[in-house]
Amino acid sequence: MADEYDVIIVGSGAGGGTLAHRLAPTGKRVLILERGDWLPREPENWDATAVFVDNRYVSADTWYDKDGKSFQPQIHYFVGGATKFYGAALYRLRERDFGELKHHGGLSPAWPIDYSVMEPYYTRAEQLYQVHGARGEDPTEPPASAPYPFPPVSHEPRIQQLFDDMARAGLHPFHAPSGIMLNEAEPAFSACIRCATCDGFACLVHAKSDAEVIAVRPAIQHDNVTLVRNAHVTRLETDASGRTVTSVVANVDGTEQRFSGAIVVVSAGAVNSARLLLASATDRHPNGLGNSSDQVGRNYVFHNSRAFLAVSKEKNDTRFQKTLGMNDYYFGDDDFEYPMGNLQMVGKSSAPMYRGEKPLETKLAPTFLLGDVAEHAIDFWLSVEDLPTPDNRVTLNGAGNVVLSYTPNNTEPMEQLYQRVKKHLSHLGMHPHHLIPRDVYMKNDIPVAGCAHQAGTVRFGTDPATSVLDTDCKAHDLDNLYVVDTSFFPSIGAVNPALTAMANALRVGDHLVARLG
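As the structure is a prediction and not an experimental result, all values here were calculated from the model.

What the chain contains, in helices and strands, is 10 helices and 19 strands. Relative to the 2.2 N^0.38 estimate, which gives 24 Å for 517 residues, the radius of gyration of the chain is 22 Å and therefore close to what a compact globule would have. Seen through its principal axes, the chain has C-alpha atoms that stretch 70 × 50 × 45 Å. Burial analysis of the chain (517 residues in total) assigns 60% to the buried set. Of the contacts formed within the chain by residues at least 6 apart in sequence, a portion of 73% connects residues at least 24 apart. Approximately 19,200 Å² of the chain is accessible, and the part contributed by carbon and sulfur atoms is 50%. One way to put it: in the chain the 46 positive side-chain charges average out to a point 2 Å from where the 62 negative ones average out.

Have a look at this one:
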């Protein structure tokens with residue numbers, strides 16, 4: 001006999017973990033099925049070679065691209081999901097991101113809800129995830145009903161100088177919203193020690209606001225919440241009508257087990273949530289569960305991103321670098337009328353990350369020795385919206401493996417944004433001729449493998465013919481199936497998607513609380 005729960009949540013990341021936290025105090029029986037285990041707490045958490053060169057924590061999955069070529073996705077299966085390794089940049093989508101936006105490469109579609117619906121949940125998510133920030137610095141910032149719960153993370157001297165130089169150049173840099181448990185006023189009582197191994201690393205001292213620490217651990221303190229680890233959910237089974245999910249089938253430590261719940265919530269990440277629905281095809285749902293629209297797996301987006309380091313004329317001894325953002329070109333400028341995107345800092349690069357030494361040496365010689373690069377590097381991340389298109393999609397091959405077909409689009413805005421940033425650098429104390437793309441030295445051959453910001457494969461909408469989920473994130477075709485990770489996004493905007501997933505999980509959580517009574 002299958003175990004009976006009120007709600008089963010597949011996945012414990014930004015969506016699933018946050019939802020579990022919302023449901024925990026209700027007394028309802030909640031089961032979290034997590035494919036991974038607790039992330040081991042070990043010195044390697046903070047070892048750049050282990051993390052970036054040896055790929056110690058990256059899953060052993062094999063996915064395939066549209067040409068059938070295999071690759072290892074940069075994906076992590078642990079309690080807390082992708083948030084264990086994220087940079088904790090917790091941005092709200094801009095208000096205009098919720099409407100239809102005309103881009104250089106086409107249209108970014110409108111959401112079926114507007115910003116005002118999400119705003120109270122953004123505020124609650126910022127409070128739950130202890131976001132540090134400053135309102136009023138970013139001209140594109142959407143309206144907010146409350147201040148940030150914590151003061152902004154201060155800039156270290158070289159980044160403060162960059163901030164001041166940018167402001168002098170007429171730009172509007174701002175303190176990036178950051179989910180770290182830092183108490184600068186009373187350092188002795190601060191969980192966060194402001195180390196250089198945050199963005200892209202797991203936090204050894206549990207001071208990053210990830211879904212494990214913030215949401216899952218407090219949730220499982222409640223007797224009504226159960227976490228099963230190492231549970232790889234392989235399919236969902238329905239009743240004869242095909243309207244109700246009756247069983248969640250999982251491989252738990254090598255043994256197949258069935259779990260049943262009144263409500264089933266999938267939150268396995270945009271690729272794996274689509275995979276699970278496609279793998280759950282039945283006679284009633286021949287193209288996959290919830291897929292009468294043929295939209296499951298389609299419209300995969302993950303940002304056009306470019307990371308690069310600039311060589312500062314002065315040493316950059318910053319440890320925690322991810323404190324500055326800039327959105328001056330988010331919606332375009334006088335010379336380019338289309339949206340461009342977001343600039344932010346990325347975690348400070350270090351010598352062990354520079355594996356592709358020959359391209360680095362040839363780009364820099366004879367100005368710098370390679371050993372000097374880390375001391376002078378300032379690391380930037382540019383993020384531009386890629387547009388949902390039906391053929392950028394997740395499918396399954398004959399063996400049931402993920403095929404991720406992706407053709408880049410809307411790439412011109414990235415070039416435009418990069419050129420604008422490059423033009424400013426000589427006024428910001430950088431060598432304008434020494435911009436080094438980080439993919440020169442990061443171990444990542446296939447751009448499609450970098451799936452940190454994946455979204456959009458199980459979109460919500462009002463029309464069952466063109467969307468998979470309704471506005472409560474319930475599948476149109478089923479009575480008890482919900483999806484609450486970034487799959488529901490109709491578009492991704494140009495800022496990090498995590499806070500929007502967290503806010504939406506709280507919104508859907510309120511709906512489920514009302515539904516369960």
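This brings us to the sheet that holds strand β16 (residues 393-396). Strand order in the open sheet formed by four strands is β4-β3-β17-β16, with mixed pairing between adjacent strands. Bordering the open sheet on either side are β4 (70-71) and β16, each of which pairs with just one other strand. As paired elements, strand β3 (residues 63-65) and strand β17 (residues 402-405) share two bridges and run parallel to each other. Directly across from Asp65, in β17, lies its bridge partner Leu404.

Before going further, it helps to examine the side chain of Ser280. Relative to the helices and strands, Ser280 resides in the loop between α6 (270-279) and β12 (304-312). Ser280 sits in the buried class, given a relative accessible area of 2%. At a separation of 2.7 Å, a polar atom in the side chain of Ser280 contacts the main-chain carbonyl oxygen of Leu276. Setting aside chain neighbours within four positions, we find Ser280 in contact with Arg235, Leu236 and Leu289.

What follows deals with helix α1 (residues 16-23). In terms of burial, α1 is largely enclosed, as six of its eight residues are buried. Among the residues making up α1, those that are buried are Gly16, Gly17, Thr18, Leu19, Ala20 and Leu23.

This brings us to the packing of α1 against helix α5 (residues 211-219). Remark: α1 packs on α5, axes separated minimally by 8 Å, with the N-to-C direction vectors making an angle of 45°. With respect to their mutual orientation, α1 and α5 come out oblique. Crossing of α1 against α5: the hand is left-handed. Facing Gly17, Thr18, Ala20 and His21 of α1, the residues of α5 in contact are Ile214, Ala215, Val216, Pro218 and Ala219.

With that out of the way, let us pick up the packing of aromatic side chains. Centre distance and the angle of the planes are the two values used to describe a pair of aromatic rings. In total, this model carries 21 aromatic pairs according to the counting rule given. Both rings, one in Trp111 and one in Phe488, keep their centres 5.6 Å apart while their planes meet at 85°; by these two values the pair is edge-to-face. With a gap of 377 residues between them, Trp111 in the loop between β6 (106-108) and α3 (115-128) and Phe488 in the loop between β19 (481-483) and α10 (498-516) connect regions that are remote in the sequence. Summarising the burial analysis for this pair, Trp111 and Phe488 share the class buried. Judged by centre distance (4.9 Å) and plane angle (80°), the ring pair of Phe302 and Tyr406 falls under edge-to-face. Linking Phe302 in the loop between α6 and β12 with Tyr406 in the loop between β17 and α9 (412-425), this pair joins segments that are 104 residues apart in sequence.

Now for the pattern of salt bridges. Evaluation of the coordinates by the stated rule reveals 26 salt bridges. Measuring nitrogen to oxygen at the nearest pair gives 3.0 Å for the salt bridge that ties Glu119 to Arg92. Taken as a pair, Glu119 in helix α3 and Arg92 in the loop between β4 and β5 (101-103) lie far apart in primary sequence, 27 residues in all. The burial state of Glu119 is the same as that of Arg92; both residues are buried. When the shortest N-O distance is used, the salt bridge between Glu156 and Arg194 registers 2.9 Å. Placement of the pair is Glu156 in the loop between α3 and α4 (157-168) and Arg194 in the loop between β7 (173-175) and α5, with a sequence separation of 38 residues. The exposure classification of Glu156 matches that of Arg194, with both residues buried. Among the charged side chains, a network of salt bridges with common partners joins Lys84, Asp210, Glu212 and Arg217.

About the thresholds
Residues numbered from 1 in each chain as written. Predicted model: local features only at pLDDT ≥ 70, side-chain atom pairs only at ≥ 80, totals over all residues. Heavy atoms only, no water. Helix = DSSP H or I, 4+ residues; strand = E, 2+ residues; numbered from the N terminus. Rg over C-alpha atoms; globule rule 2.2 N^0.38 Å. Buried < 20%, exposed > 50% of the residue type's maximum accessible area, 1.4 Å probe, protein only. Contact = heavy atoms within 4.5 Å. Areas by Shrake-Rupley, 256 points an atom, 1.4 Å probe, with all protein chains shown as cover. Lys, Arg positive; Asp, Glu negative; His and termini not counted. Charge placed at Lys NZ, Arg CZ, Asp CG, Glu CD. Pairing = 2+ DSSP bridges. Polar contact = N/O pair within 3.5 Å; in protein donor to acceptor, adjacent residues only side chain to side chain. Axes fitted to C-alpha atoms, helices over the stretch in contact; angles between N-to-C directions. Parallel < 35°, antiparallel > 145°, perpendicular 65-115°, else oblique. Left-handed = near helix turned anticlockwise from the far one by under 90°. Phe/Tyr/Trp six-rings, centres within 6.5 Å; stacked < 30°, edge-to-face > 60°. Salt bridge = Lys/Arg side-chain N within 4 Å of Asp/Glu carboxyl O.

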